[in-house]
Amino acid sequence: EDQVTQSPEALRLQEGESSSLNCSYTVSGLRGLFWYRQDPGKGPEFLFTLYSAGEEKEKERLKATLTKKESFLHITAPKPEDSATYLCAVQAKSGGYNKLIFGAGTRLAVHP
Amino acid sequence: NAGVTQTPKFRILKIGQSMTLQCAQDMNHNYMYWYRQDPGMGLKLIYYSVGAGITDKGEVPNGYNVSRSTTEDFPLRLELAAPSQTSVYFCASDGEANTEAFFGQGTRLTVV
């Protein structure tokens, strides 16, 4: 069964304290892995797409990496404005369409 | 350019009532999606559309219906609301299947 698991469920960091969020997946025929940021009361906002093992993408203090079984979202020297829920989703072929399977997310809180 | 617009933002329904959640996008995207997000769970796909006049079921379609008469609009209809439909509903669109999807702000629905 296709599945996406994110860990930890919640993470509290001090400003400047770097860390990583994990997204592990089991899916037949991975077509892509997506990271989204979601602020309270808002819809998810696209961050990155990764397509193949070894690929890396960066945006400001965030860097996403991908292996054959998991992806990491590395946060370097976070600031309070990085506080949000980070969602991981994998794209897999299912019947006639490419379905997106979302993880439950990691709630990140960065304190000054 | 408003992106994806959902209305209403909040709604309380009584059991057995019906309602339509509206979704409109102004990016000329062919692909549109309806998701529900329950606490501690990933987003689940309800219905999707690959273009005007074409819709199909996602993972959790029971109790819902959709239509797509124009490229811009993708309303979600709830018939005979049940407490299990209490959730936050997100509409999304993208130019290609499940790439950089743009999400609306969400509709928080409570069925009592």
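Residues and elements named next belong to chain B. Spatial ordering of the open sheet is given by β1-β3-β8-β7, a layout of 4 strands whose pairing is antiparallel. Of all strands in the sheet, those bounded by a partner on one side alone are β1 (4-7) and β7 (64-66). Ignoring strand direction, the axes of neighbouring strands in this sheet form an average angle of 20°. Of the strand pairs in this sheet, β1 and strand β3 (residues 19-25) are connected by 4 bridges, and their pairing is antiparallel. Looking at β3, one finds that Gln6 is bridged to Cys23.

Residues and elements named next belong to chain A. With antiparallel pairing, the 5 strands of this open sheet are ordered in space as β1-β3-β8-β7-β6. Looking at which strands have only one partner, the edges of the open sheet turn out to be β1 (3-7) and β6 (56-59). For this sheet, the mean inter-axis angle between neighbouring strands, taken without regard to orientation, is 15°. Of the strand pairs in this sheet, β6 and strand β7 (residues 62-66) are connected by 4 bridges, and their pairing is antiparallel. Residue pairing across strands places Lys57 opposite Ala64, the latter belonging to β7.

Reading guide: rules and limits
Residues numbered from 1 in each chain as written. Chains lettered and ligands numbered in written order. Predicted model: local features only at pLDDT ≥ 70, side-chain atom pairs only at ≥ 80, totals over all residues. Heavy atoms only, no water. Pairing = 2+ DSSP bridges. Helix = DSSP H or I, 4+ residues; strand = E, 2+ residues; numbered from the N terminus. Axes fitted to C-alpha atoms, helices over the stretch in contact; angles between N-to-C directions.

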